[in-house]
Amino acid sequence: MKPADIKKVKITDSFWGRLQELVRSEMIPYQWKALNDEIDSAAKSYCIHNFRAAARLNEKRRELGEDFKQAKFSDPGFEVWPCDGEQPQPDKFYGFLFQDTDLYKWIEAAAYSLATRPDPGLEATVDEAVKLIASAQHPCGYLDTYYLLCGMDAAFTNLQSNHELYCLGHLIEAACAYYEAAGKDGLLTVARRYADYVYERMGPEGDIPGYPGHEIAEMALARLYNVTGEKKYLELAKLFIDRRGQSPNYFDEERRAEARRLGRQYRQSPDLNRYAYHQAHMPVREQKEAVGHAVRAVYLYSGMADVGALTDDETLKKACVELWRSITREKMYITGGIGGTCVGEAFSYPFDLPNDSAYAETCAAVGLVFFARRMLEISPCGEYADVMEQALYNCVLSGMSQDGKSFFYVNPLETVPEACRKDSRLGHVKSRRQKWFGCACCPPNLARLIESVASYAITEDKNTVWLNLFMGCEFTKEVDGVSLKLSVETDMPFDGGVKLKITAPSAAYASFAIRIPHWTDKDLIEISLPDGKIQKEKDGYLYISGIWEGEEEIRLSLPMPVRIMTADKRVRECLGKAAVMRGPLVYCAEGEELALYRLNTEKKISPEQGEICGNPITLLNAGFKKLSSNSAGLYTEYRKPEETEENLRLIPYFAWNNSGEKEMRVWFRV
Ligand code: FUB
Ligand code: ZN
């Protein structure tokens, strides 16, 4: 199966339709301003500045007929910002080493938006950005403004930490997206030139047998292969995957070479796990536990799944299954967030899932969605879509405010504003979404995922359409020369009714595979099918097959009960606690002194219609027992506590922190 072509799908419902409109009308323009440093009181990006500086340098060197590679490298360190009050110098690099990727992700988001909603103004801005990127590219094809500005002599000498291949990956993703959306190959040419240069240096005949320190190039190169049909891109993706974690470890070799260059002695750390942060501690086919930096990990696993599928490599697919299990059985929050520790923005050990100090980076949840869809492509099994939905509706969407103008990088499951402000161990947890970040990986990642959500919701092969996620949409499916018009109507994620209308101008055989979500009671699903169709359940999908002609309709009603959830007993943080879910949504409470509340599981939790920031939302009215907040002293003899009955209105987790700074909690004592 492959993802639906987003050009053929129009999202029409009030949930995703609104989000896509928000991204198009607010987030994309807002983020363009952020990249241009035009948002007062927000962290500066310097992203466009860096491209301009690199383009200017190219121009200058061209005029002087200078050797492009001669600029000396003076590594100014990882974070380079102008000092307070200092004006940025026009020819200097600022920001994080991978600042370029923010522009690439922005272009990718804009491209997906343009794919379904033409917007000449936006397209002109993208073209302007593409021109700028092209003019910053080194004549040899190399493109990373950090090294272009700080010294090409050091390019590719620190693949472990310095993100040049991460920049390549995001450039390719943006280029493919824009080519597919607008049919323009300007950025694709730039991306291919950089990819060709990398192939020359790191391909089978290259002088650098390395691989990315921050993955993404693997899946991007697989995509570039799909778009161009050029085999060498797939070959390079596979090389990157096959080389990772082999002995001798390439990152050790890099450090050794660096020591030689600097005339220092090289001492290798004896820790065999020293490259687990980069998932390079052992060959990928031997990896069974998801470890290290969470975004890197899921981007790698996505690339492994892509290459595994494209080369039909069962060993890679098997490794993906193991790693998937490690994440979803032992290392994932109920919100679909991943990365339990802020130390290295990483996976912690199994079942270590602290709620208040969770990292659960927005990008990591986005990456989990990528991985899930690729697992589905390998084998259409409802479990993958269940997790995709869980991550998407909870951790991913929590990353943005309802107005699309502020963002969370870290998505905790419990916060107390005072703790966020005063406890430096929680320094990474913010009690308010931020307008922008020095390291702004998450906001444009959200934008690109939301604008391309149709390709996750719907996948297809020759005669089958899979509905993995439920969203109101219209799309077309060609089967045996017949163009089927399909439309889905639903009020998900708040109501379990789904209507799929199929209009076939002439008779055509097709199957519709509708996911049976894990949150529904499968025995209570009501289904109404047109005559003569065959219904078969397999791996979490209901396949409805037959010959379709004229207008026909499938209707389903999926019960969406409120569910009180508990965690595996090994998740110590959640022992004796429960969380509330309805459909795919995790609910939370906002308020004061939430630790004093105990969920009354005897009392019915009832859905209620409400709104947050003017957007209709189903809230849950739940009964609690509240401890008195009067203190008898720091330590006193135990007495059965006095509790009062209270009700709290629970809101979907993704919508928290949209009405001021309050405490928030997902897991309650029971
Ligand atoms: O290193 C590039 C990006 O910045 C990572 O994916 C994020 O976790 C953040 O560290
Ligand atoms: Zn991020």
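What counts as what
- Residues numbered from 1 in each chain as written.
- Chains lettered and ligands numbered in written order.
- Predicted model: local features only at pLDDT ≥ 70, side-chain atom pairs only at ≥ 80, totals over all residues.
- Heavy atoms only, no water.
- 1 Å grid on protein atoms, 1.4 Å probe; cavity = no way out; pocket = protein on both sides within 12 Å on 5 of 7 lines; lining within 4 Å.
- Points joined across faces, edges and corners; volume = space filled by probe spheres on them.
- Helix = DSSP H or I, 4+ residues; strand = E, 2+ residues; numbered from the N terminus.
- Nonpolar A, V, L, I, M, F, W, Y, C, P; charged D, E, K, R; others polar.
- Salt bridge = Lys/Arg side-chain N within 4 Å of Asp/Glu carboxyl O.
- Buried < 20%, exposed > 50% of the residue type's maximum accessible area, 1.4 Å probe, protein only.
- Phe/Tyr/Trp six-rings, centres within 6.5 Å; stacked < 30°, edge-to-face > 60°.
- Lys NZ or Arg CZ within 6 Å of the ring centre and 35° of its normal.
- Axes fitted to C-alpha atoms, helices over the stretch in contact; angles between N-to-C directions.
- Parallel < 35°, antiparallel > 145°, perpendicular 65-115°, else oblique.
- Left-handed = near helix turned anticlockwise from the far one by under 90°.
- Contact = heavy atoms within 4.5 Å.
- Pairing = 2+ DSSP bridges.
- Donors = N, O, S within 2.8 Å, 3.2 Å for Na, K, Ca; no water.
- Tetrahedral: all angles 85-135°; square planar, octahedral: opposite > 155°, others 65-115°.
- Expected span 1.5 Å × (residues − 1).
- Domains from an automatic or database assignment.
- Buried area = accessible area lost by both parts, 1.4 Å probe.
- Polar contact = N/O pair within 3.5 Å; in protein donor to acceptor, adjacent residues only side chain to side chain.
- Near = heavy atom within 4 Å.
- Areas by Shrake-Rupley, 256 points an atom, 1.4 Å probe, with all protein chains shown as cover.

Tell me about the layout of surface pockets, and please be specific about residues and values.
Of the voids in this model, the largest pocket is the one considered here, and its volume is about 850 Å³. Lining the largest pocket are 34 residues, and of these P3, E180, R223, N226 and R373 lie nearest its centre. Contributions of two or more residues to the lining of the largest pocket are made by β1 (2–3), α3 (100–116), α6 (164–182), α8 (217–228), α11 (294–311), α13 (362–378), α16 (442–451) and α17 (454–457). Of the residues that constitute the lining of the largest pocket, the class distribution is 19 nonpolar, three polar and twelve charged.

Which residues make up the pattern of salt bridges, and what values do they have?
Tallied over the entire structure, the rule returns 49 salt bridges. Close ionic contact of D207 with R201 constitutes a salt bridge, the shortest N to O distance being 2.9 Å. With a closest N to O distance of 3.3 Å, R665 and E414 form a salt bridge. Note that R665 is positioned in strand β19 (residues 663–665) and E414 in strand β3 (residues 414–415), a separation of 251 residues in sequence. The two residues R665 and E414 agree in class, both being buried. Here the residues in one salt-bridge network are E21, R24, R117, D119 and E451, joined through shared partners.

Talk me through the packing of aromatic side chains; I want residue IDs and the actual numbers.
Counted by the stated rule, this structure contains 37 aromatic pairs. Pairing Y30 with F407 gives two aromatic rings, centres 6.4 Å apart and planes at 45 degrees, and the pair type is tilted. Within this pair, whereas Y30 is found in helix α1 (residues 16–35), its partner F407 is found in the loop between α14 (382–398) and β3, the two being separated by 377 residues in sequence. Assessed through its relative accessible area of 11%, Y30 is described here as buried. A ring pair is formed by Y211 and F251, whose centres lie 4.9 Å apart and whose planes are at 50 degrees; its orientation type is tilted. Linking Y211 in the loop between α7 (186–202) and α8 with F251 in helix α10 (residues 250–262), this pair joins segments that are 40 residues apart in sequence. Neither residue differs from the other here; Y211 and F251 are each classed as buried. Sitting over the face of the ring of W548, K533 holds its NZ or CZ atom 4.5 Å from the ring centroid.

An account of the packing of α7 against α8 is requested, with residue identities and associated values reported.
Geometry of a packed helix pair, given as the angle between the helix axes and the separation of the axes. Two elements in contact, α7 and α8, have axes separated by 12 Å at closest approach and are oriented at 120 degrees. Considered as vectors, α7 and α8 are oriented oblique to each other. α7 and α8 meet at a crossing whose hand is left-handed. Residues L188, R192 and A195 of α7 lie in contact with α8, whose contacting residues are L221, L224, V227 and T228. Of the residues that constitute the contact of α7 with α8, the class distribution is five nonpolar, one polar and one charged.

I'd like to hear about the pairing of strand β17 (residues 615–627), residue by residue, with values.
For β17, the buried fraction is high: ten of the 13 residues fall into the buried class. Two elements, strand β15 (residues 597–599) and β17, share three bridges in a ladder whose sense is antiparallel. Bridged to R598 within β17 is K625. One ladder, built from seven bridges, connects strand β16 (residues 606–612) with β17; its direction is antiparallel. Bridge pairing in β17 links G610 to I617. Between the antiparallel neighbours β16 and β17 lie two residues, among them C613 with a positive phi of about 50 degrees. Taken together, the eight bridges between β17 and strand β18 (residues 643–652) define a ladder with antiparallel strand orientation. By the bridge assignment for β18, F624 is matched with E646.

Which residues make up the coordination of the zinc ion (ligand 2), and what values do they have?
In this structure, E361 (OE), C363 (SG), C441 (SG) and C442 (SG) serve as the protein donors to the zinc ion (ligand 2), at separations of 2.0 to 2.3 Å. Around the zinc ion (ligand 2) sit four donor atoms; with metal-centred angles ranging over 96 to 118 degrees, the donor geometry is tetrahedral. Between consecutive donors of the zinc ion (ligand 2), the numbers of intervening residues give the motif E-x1-C-x77-C-C. Of this pair, E361 sits in the loop between α12 (314–330) and α13 while C442 sits in helix α16, and the two are 81 residues apart along the sequence.

Which residues make up the side chain of Q31, and what values do they have?
Along the chain, Q31 falls in helix α1. In this view, Q31 contacts W106, F407, W436, P443, P444 and A447; residues no more than four positions away in its chain are not counted.

Can you tell me about unusual backbone geometry, naming the residues and giving the values?
Geometrically, the link from S247 to P248 is a cis peptide bond, its omega value of -5 degrees lying close to zero. Summarising the element assignment, P248 is placed in the loop between α9 (231–243) and α10. Following M492, the chain continues to P493 via a peptide bond in cis, the omega torsion being 5 degrees. Within the secondary structure, P493 sits in the loop between β7 (482–490) and β8 (497–515). Unlike most non-glycine residues, Q279 shows phi in positive territory, near 55 degrees.

Kindly report on α3, identifying the contributing residues and their values.
Taking 1.5 Å of rise per residue, the 17 residues of α3 would be expected to cover 24 Å, and the 26 Å separating its terminal C-alpha atoms lies within 8% of that figure. The buried fraction of α3 amounts to 16 of the 17 residues, a majority that puts the element mostly inside the structure.

Break down the domain arrangement of the chain for me, with residues and values.
Domain boundaries assigned for the chain yield domain 1 (12–19 + 279–453), domain 2 (42–244), domain 3 (461–557) and domain 4 (562–669). Summarising the inter-unit geometry, the C-alpha centres of domain 1 and domain 2 are found 24 Å apart. On the side of domain 2, 36 residues touch domain 1, which itself brings 35 residues to the contact. When domain 1 packs against domain 2, the two sides together hide about 2700 Å² of surface, and 66% of this comes from carbon and sulfur. For the domain 1 face of the interface with domain 2, the top three residues by lost area are R296, R448 and E451, together amounting to 23%. At the junction of domain 1 and domain 2, the tally comes to three salt bridges. Its salt-bridge partner being E108, residue R448 comes within 2.8 Å of it at the nearest N-O pair. In this structure, the connection of domain 1 to domain 2 is made through six residue pairs in polar contact (both at pLDDT 80 or more). Counting residues per element, the ones that place at least two in the side of domain 1 that touches domain 2 are α11, α13 and α16.

Residues and numbers for the packing of α13 against α14, please.
One can describe the packing of α13 onto α14 by two numbers: an axis separation of 9 Å at closest approach and a directional angle of 160 degrees. Classed by the angle they form, the pair α13 and α14 counts as roughly antiparallel. Considering only the axes of α13 and α14, their crossing is left-handed. Within the contact between the two elements, α13 uses T362, A365, V366, L368, V369, A372, R373, M375 and L376 and α14 uses Y384, A385, V387, M388, A391, L392, C395 and V396.

Now, about the pairing of β18: what can you tell me, with residues and values included?
Sheet analysis places strand β14 (residues 585–591) next to β18, joined by two bridges and oriented antiparallel. By the bridge assignment for β18, Y587 is matched with P652.

How would you explain the site of ligand 1 if you had to name every residue and give the values?
Surrounding ligand 1, one finds F98, H163, Y166, H214, H293, V295, E345, E361, Y409, C439 and C441. One nitrogen or oxygen atom from the side chain of E345 is found 2.6 Å from an oxygen atom belonging to ligand 1. In the environment of ligand 1, an oxygen atom lies 2.7 Å from a nitrogen or oxygen atom belonging to the side chain of E361. Across the complex, the protein chains shield 94% of the 270 Å² of accessible surface that ligand 1 would expose by itself. Taken together, the residues of the shell around ligand 1 sort by class into six nonpolar, three polar and two charged.

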